[in-house]
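So the chains spell out like this:
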Amino acid sequence: MQTQSTHSGIAKIAESSLSKPWKMTTSKRRSAATNIDATASSTNQSKTGLTSTLKAKLSSVSLTIQTKTGGTKYKTWSKHAHSSPFPDFNGPTEEQCGRTHKILEEMHGDTVRKNFAEMSNPEQHYPHVMDALVVAQLSQATAWSNAQRAMRSMANVYGLTFAYQKILDRGIEKLQDALRPGGMQNRKAKMLTKLLLDVKERHRKWDLDFMFKLSDKDAMKEVLQYHGIGLKSAFCLLSICLQRQSFAVDTHIYRITGLWGWRLKDASQEKSQSHLDARIPDELKFALHYLFIVHGQECPVC
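Keep in mind it's a predicted model, so treat the numbers as computed, not measured.

Undergrad: Any chance you could explain the overall build of the chain here in plain terms?
TA: Across its full length, the chain carries 15 helices and 0 strands. Put simply, 73% of the contacts in the chain that link residues at least 6 apart link residues at least 24 apart.

Undergrad: Which parts of the structure should I look at to understand the side chain of H252?
TA: The topology assignment puts H252 in helix α13 (residues 251-259). At a separation of 3.2 Å, a polar atom in the side chain of H252 contacts the side chain of R255. With sequence-adjacent residues up to four places away left out, H252 is seen in contact with F292, I293, G296 and Q297.

Undergrad: Explain the state of the cysteines here, please?
TA: Here a disulfide denotes a covalent bond joining the sulfur atom of one cysteine to the sulfur atom of another. Per the stated rule, a full pass over the model turns up 0 disulfides. Here C299 is not cross-linked by a disulfide; its sulfur's nearest cysteine counterpart is in C302, at 3.6 Å.

Undergrad: Is there a simple way to think about the pattern of salt bridges in this case?
TA: Where charged atoms from two side chains of opposite charge come close, those side chains can pair. Applying the stated criterion across every chain yields a total of 8 salt bridges. The salt bridge partner of R113 is E105, with a shortest N-O separation of 2.9 Å. Judged by its relative accessible area of 14%, E105 is buried. Salt-bridge contacts for R113 lead to D110; the nearest nitrogen and oxygen are separated by 2.8 Å.

Undergrad: Sorry, what's going on with the packing of aromatic side chains here?
TA: Each aromatic ring pair is specified by the distance between its two centres and by the angle formed by the two planes. Scanning the model with the defined rule gives 8 aromatic pairs in all. Plain terms: the ring middles of F247 and F292 are 6.4 Å apart, the flat faces sit at 75 degrees to each other, and that makes the pair edge-to-face. On the criterion of sequence distance, the pair formed by F247 in the loop between α12 (231-241) and α13 and F292 in helix α15 (residues 282-298) is long-range, its members being 45 residues apart. With respect to class, F247 is no different from F292; both count as buried. Ring pairing ties together the aromatic residues F247, W260, W262 and F292, which thus form one cluster. It is K200 that lies over the ring of W206; its NZ or CZ is 4.1 Å from the centre.

Undergrad: Honestly, unusual backbone geometry in this entry has me stumped. Any pointers?
TA: For the bond running from G91 to P92, omega is -5 degrees, close enough to zero to count as cis. Tracing the sequence through the fold places P92 in the loop between α3 (52-78) and α4 (94-117). Its identity as a non-glycine residue notwithstanding, A141 has a phi of 55 degrees, on the positive side. Counting through the fold element by element, A141 comes out in the loop between α6 (129-138) and α7 (144-158). Its identity as a non-glycine residue notwithstanding, R204 has a phi of 65 degrees, on the positive side. Mapped onto the fold, R204 is located in the loop between α10 (185-203) and α11 (216-223).

Undergrad: What exactly am I supposed to notice about the nonpolar core here?
TA: Soluble globular proteins tend to bury their nonpolar side chains together. With 70 residues, the main nonpolar core has M220 and V223 as its most contacted residues. In this structure, V223 is in contact with L133, M211, I229, A234 and L237, ignoring residues within four places of it in sequence.

Rules used throughout
Residues numbered from 1 in each chain as written. Predicted model: local features only at pLDDT ≥ 70, side-chain atom pairs only at ≥ 80, totals over all residues. Heavy atoms only, no water. Helix = DSSP H or I, 4+ residues; strand = E, 2+ residues; numbered from the N terminus. Contact = heavy atoms within 4.5 Å. Polar contact = N/O pair within 3.5 Å; in protein donor to acceptor, adjacent residues only side chain to side chain. Disulfide = S-S within 2.5 Å. Salt bridge = Lys/Arg side-chain N within 4 Å of Asp/Glu carboxyl O. Buried < 20%, exposed > 50% of the residue type's maximum accessible area, 1.4 Å probe, protein only. Phe/Tyr/Trp six-rings, centres within 6.5 Å; stacked < 30°, edge-to-face > 60°. Lys NZ or Arg CZ within 6 Å of the ring centre and 35° of its normal. Core = buried A, V, L, I, M, F, W, Y, C linked by side-chain atoms within 4.5 Å.

Structure below.
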């Protein structure tokens, strides 16, 4: 739980100008949450009556399939990890990015800083990689407010949002009930269960903080192996949790950059993400990501 002094420190940092652009330090973000239990016991045998041997075989098959899928996703990313898939498309320029940042900061900077001062902000509240990965998955294809409702419900049901052993022990039906307030509970319960089993199978614990020490390339390769984690979620994890210079593209950013001519109109979201990540200066990526999101929510035209 965050102390009053920690919260005050977070709010103070949030008051600084976006024009820097700003970020919280990893140490401050880590101090905002308690360590996850890295020594959780093995999952109890489920109510379905599957033997431990059969469960191990099913887990092994699932892991093999996911490894192949993750390899495909990684190849898709690595092909244009440091270059645009559209080398002849010269927008946005560095000047356009700087001018856009200045305008959007004047329009929405106060709103973004206010959002970052809130206790529920994902960057401040989920500094551990495993927790951030779960948040990224629960936030897929829905509004952040829906993801928050789901996580609050999980905390009420399990005592903690990230009580991974309890989530598995109590079964998927209980998890579906817990996720119901956020919507799409059947799909998300299935994905979260597979993610937890996947991570535990690979590392024997739910602790992925070793990724802080990995290179961008190795971190992306690692995270794309996990069930239900695509390129957009991986970019968010790298940018927000690992604090790397990557530009994540959500639906708002994809729409706006298409309207503004920052990408080819018929470019997919994945290729647009690679293109924009290559074109936008590193020092502007983090701030522009959040400014674009707020602009997409508030601008009646865009």
